[in-house]
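Structural features, examined
Next come the chains, spelled out residue by residue.
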Amino acid sequence: MAEKHLIALDLDGTLLKDDKTISEKTKKVLSKAREEGHVVMIATGRPFRSSEPYYHELGLDTPIVNFNGAFMHHPLDSSWGFYHDPLDVKVAKEIVEACRSFQFYNIIAEVIDDVYFHYHDEKLLDIFSMGNPNVTTGDLRNYLKDSPTSLLIHTEEDELKNIRKHLSEVHAEVIDHRSWAAPWHVVEIIKSGISKAVGLKKASEYFNIPAERIIAFGDEDNDLEMLDYAGRGIAMGNAIDKVKTIANEVTLTNEEDGIGVYLSELLNLKY
């Protein structure tokens, strides 16, 4: 299969093993794929600062999709363009205000690499401190001045559904929301119409690779649109049922070199 393919990789639960490392086998397969002219890129819900180490570890030279499509750029080529589709700051503050009617631990707003915490939170600071962002703590209704790339509400499992129901009833036209995988009970909110598929479409047009020659790997509900858009949407063995249902095929888990095994067979990669 010599035709050039675009290979899009989600990070957590997909490219990354549970210990957040990339296996040597998968790394070798991806390197071989690039040698043979295929294009490899990352499409993640993470901000760039916490996906950059993996970008360099794989030696990539492609655009990257961050924040589930709300931010996209080319780390090595500033002339490529800079796509940022944030949530309206007014809407974000209305959501913060509405959260007063619900039980929640914290609300976090991210403006590309600036992080705003509604409350001081040692537990979450750990997660968000990768890449040394600028961190501001205080009532988001007062401190948040710019439109956030994403808004996260950390809550109780029981309250998650209630908050999402409210968001769907009140803000359905301007936002999209989804929840994180366990053990985190987090509602993630981005601007309506934004998804990894939006970034993938930009990349496919740039590289002149049609959707039918895109191979995308994912495991969670933030990968659904991307897997649906790709000619070959591949669910990891550890993916949620919804992802496996929409996928064209299911590969092995993130602990079993699912990406490496699938690509080496499909593209006949000898490494």
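To be clear, the structure that these remarks concern was listed above.
Report on the accompanying structure.

1. Some thoughts on the sheet that holds strand E10 (residues 175-179)
- Taken in spatial order, the six strands line up as E8-E7-E6-E9-E11-E10 in an open sheet, and their pairing is mixed. The open sheet has two free edges, formed respectively by strand E8 (134-137) and E10, since each of these has just one partner strand. Adjacent strand axes in the sheet meet at a mean angle of 20 degrees, parallel and antiparallel pairs treated alike.
- Running at roughly 5 degrees to strand E9 (residues 150-154), helix H3 (residues 89-98) makes contact with strand E6 (106-111), E9, E10 and strand E11 (186-191) of the sheet.
- Across the face of the sheet, helix H6 (residues 157-171) comes into contact with E9, E10 and E11 while running at roughly 165 degrees to E10.

2. Digging into the packing of H3 against H6
- Relative to each other, H3 and H6 sit at 135 degrees, their axes nearing to 12 Å. Comparing their axes, H6 and H3 come out oblique. Our pair here, H3 against H6, has a crossing hand that is right-handed. Across the interface between the two elements, Val91, Glu94, Ile95 and Ala98 of H3 pack against His166, Leu167 and His171 of H6.
- Grouping the amino acids of the contact of H3 with H6 by side-chain chemistry returns four nonpolar, two polar and one charged.

3. Let's talk about helix H1 (residues 24-35)
- The first and last C-alpha atoms of H1 sit 16 Å apart over twelve residues, in line with the 16 Å expected at 1.5 Å per residue.
- Along H1, the positions that sit buried rather than exposed are Thr26, Val29, Leu30 and Ala33. The buried residues of H1 occupy one face: seen down the axis, they fall within an arc of 95 degrees.
- Those residues of H1 that are buried are in contact with strand E1 (6-9), strand E2 (39-42) and helix H10 (258-266).
- Positioned one or two residues after H1, Gly37 has a phi angle of 100 degrees, which is positive.

What counts, and where the lines are drawn
Residues numbered from 1 in each chain as written. Predicted model: local features only at pLDDT ≥ 70, side-chain atom pairs only at ≥ 80, totals over all residues. Heavy atoms only, no water. Pairing = 2+ DSSP bridges. Helix = DSSP H or I, 4+ residues; strand = E, 2+ residues; numbered from the N terminus. Axes fitted to C-alpha atoms, helices over the stretch in contact; angles between N-to-C directions. Contact = heavy atoms within 4.5 Å. Parallel < 35°, antiparallel > 145°, perpendicular 65-115°, else oblique. Left-handed = near helix turned anticlockwise from the far one by under 90°. Nonpolar A, V, L, I, M, F, W, Y, C, P; charged D, E, K, R; others polar. Expected span 1.5 Å × (residues − 1). Buried < 20%, exposed > 50% of the residue type's maximum accessible area, 1.4 Å probe, protein only. Arc of directions from axis to C-beta.

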